[in-house]
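Listed here are the chains, written in short residue letters.
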Amino acid sequence: MNALTVDLEDWYHVCGAGETADPMQWDAYESRVTRNTHTILSLLGRRGVRATFFVLGYVAEREPELIRAIAREGHEVATHGHFHRRIFEMSPAEFEADLARSLDAISAAVAGTVVGYRAPEWSIRPHTTWAFPILRKHGILYDSSMVPLTRMGDRSYPRLPCRLATAYGEIAEFPLTTVRCFGENLPFTGGLPMRLAPYFYILSSIRRLNERGHPALVYVHPWEFDSEQPKIKLPWSRRFMHYFNLAATPRKFAGLLEHLRFASVREVLGV
Ligand SMILES: [Zn+2]
């Protein structure tokens with residue numbers, strides 16, 4: 001069983017994009033998240049798959065009916081923070097306030113306890129592990145934000161689900177799935193890496209992991225199902241990362257749903 005995750009955010013929630021960075025402007029932007037999420041929900045519904053939706057608190061405030069629709073279909077509702085701020089750009093107090101606001105917004109939209117968290121842009125760094133006790137203090141039982149890459153998280157991070165001790169009790173971690181290649185860890189199960197990797201390579205790599213008894217973590221965003229979305233001005237490398245080959249996501253996502261078994265993170269971790 002593999003974990004299927006959706007980072008529930010809209011087209012303008014791009015970390016570090018000056019043009020759309022100010023949350024005070026967000027209400028003025030066209031909302032496309034509901035329509036795009038319904039595309040994902042219908043693909044999941046057709047295969048009877050339950051996933052985890054890491055919901056941005058801001059989206060829960062703006063589109064509470066969407067969060068209710070997700071929960072009604074039996075998916076896990078978890079948090080992606082409130083204003084999509086990277087952890088390393090916040091102080092511990094700011095992080096705690098952002099987390100608490102997202103939990104309030106989600107619980108105003110749907111009943112049930114939120115036990116999972118994913119940081120915007122996988123932004124947990126070795127110098128921001130102070131976030132774990134804060135998460136646990138607020139009832140979060142698992143995190144899925146660690147990336148074992150030099151470029152994003154840290155190469156020393158775990159590559160498989162594990163447990164971390166905090167002052168408030170243990171928290172489970174489900175890191176981004178990678179493959180070992182020439183001594184490096186390479187991502188391939190979501191975002192640009194999934195859009196670039198050949199489908200047979202993604203499928204066979206996950207199957208190899210499953211044969212060894214390990215689950216993989218797959219992730220998508222609603223905006224990856226929307227090739228008509230307004231394009232934000234970004235530096236070329238980020239533009240490539242964000243928009244290149246968007247048409248590949250729905251195709252590969254549907255293929256993985258057909259060929260592999262998936263469940264929510266909570267179910268896979270058993271927390
Ligand atoms: Zn995000």
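Before we go on, may I ask you to explain helix α3 (residues 64-72) in this structure?
Residue pairs three or four apart in sequence face the same way in an α-helix, which turns once every 3.6 residues. Every buried residue of α3 is listed here: Leu-66, Ile-67, Ala-69 and Ile-70. End-on, the buried residues of α3 take up no more than an arc of 155°, which puts them together on one face. Looking at the buried side of α3, the elements it contacts are β1 (2-8), α1 (33-47), β2 (52-55), α2 (57-62), β3 (76-79) and α4 (92-109). Gly-74 sits one or two positions beyond α3 and adopts a positive phi of about 90°.

Sorry if this is basic, but what is going on with the packing of aromatic side chains here?
One pair of aromatic rings is described through two measures. These are the centre distance and the angle between the planes. Counted under the stated rule, the structure contains 13 aromatic pairs. Ring centres of Tyr-12 and Trp-26 lie 5.9 Å apart, and the angle between their planes is 55°; on these two criteria the pair is classed as tilted. Taken as a pair, Tyr-12 in the loop between β1 and α1 and Trp-26 in the loop between β1 and α1 lie far apart in primary sequence, 14 residues in all. Taking relative accessible area as the criterion, Tyr-12 reaches 1% and is therefore assigned buried. Looking at Trp-26, the relative accessible area reads 3%, which means it is buried. Ring plane angle 70° and centroid distance 5.8 Å describe the contact between Phe-95 and Trp-130, whose orientation is recorded as edge-to-face.

Whenever I open this one, a nonpolar patch on the surface confuses me. Can you help?
Taken together, the side chains of Leu-196, Trp-236, Phe-240 and Phe-244 make up a nonpolar region of the molecular surface, amounting to roughly 470 Å² of accessible area. With respect to the element layout, Phe-240 can be found in helix α8 (residues 236-243). Exposure remark for Phe-240: the relative accessible area of 36% places this residue in the partly exposed category.

How do you make sense of the coordination of the zinc ion when you look at a structure like this?
Six octahedral donors around a metal ideally make angles of 90 or 180 degrees; four tetrahedral donors ideally make 109.5 degrees. Coordination of the zinc ion by the protein is provided by Glu-9 (OE), His-80 (NE2) and His-84 (NE2), with metal-donor distances spanning 2.0 to 2.1 Å. As a motif over one chain, the donors of the zinc ion read E-x70-H-x3-H. Residue Glu-9 is found in the loop between β1 and α1, and its partner His-84 is found in the loop between β3 and α4; the two are separated by 75 residues along the sequence.

Honestly, the packing of α1 against α3 in this entry has me stumped. Any pointers?
Helix-helix packing is characterised by the crossing angle of the two axes and by the distance between the axes. Closest axis-to-axis distance for the α1/α3 pair is 10 Å, and the angle between their directions is 10°. Taken together, the axis directions place α1 and α3 in an arrangement best described as roughly parallel. Counting all contacts with α1, which are made through Val-33, Thr-34, Thr-37, His-38 and Leu-41, the residues of α3 involved are Leu-66, Ala-69 and Ile-70. Of the residues that constitute the contact of α1 with α3, the class distribution is 5 nonpolar, 3 polar and no charged.

Cut-offs and rules
Residues numbered from 1 in each chain as written. Predicted model: local features only at pLDDT ≥ 70, side-chain atom pairs only at ≥ 80, totals over all residues. Heavy atoms only, no water. Buried < 20%, exposed > 50% of the residue type's maximum accessible area, 1.4 Å probe, protein only. Helix = DSSP H or I, 4+ residues; strand = E, 2+ residues; numbered from the N terminus. Arc of directions from axis to C-beta. Contact = heavy atoms within 4.5 Å. Phe/Tyr/Trp six-rings, centres within 6.5 Å; stacked < 30°, edge-to-face > 60°. Patch = residues over 30% accessible without salt bridge, like charges linked within 9 Å, V, L, I, M, F, W, Y side chains within 5 Å. Areas by Shrake-Rupley, 256 points an atom, 1.4 Å probe, with all protein chains shown as cover. Salt bridge = Lys/Arg side-chain N within 4 Å of Asp/Glu carboxyl O. Donors = N, O, S within 2.8 Å, 3.2 Å for Na, K, Ca; no water. Axes fitted to C-alpha atoms, helices over the stretch in contact; angles between N-to-C directions. Parallel < 35°, antiparallel > 145°, perpendicular 65-115°, else oblique. Nonpolar A, V, L, I, M, F, W, Y, C, P; charged D, E, K, R; others polar.

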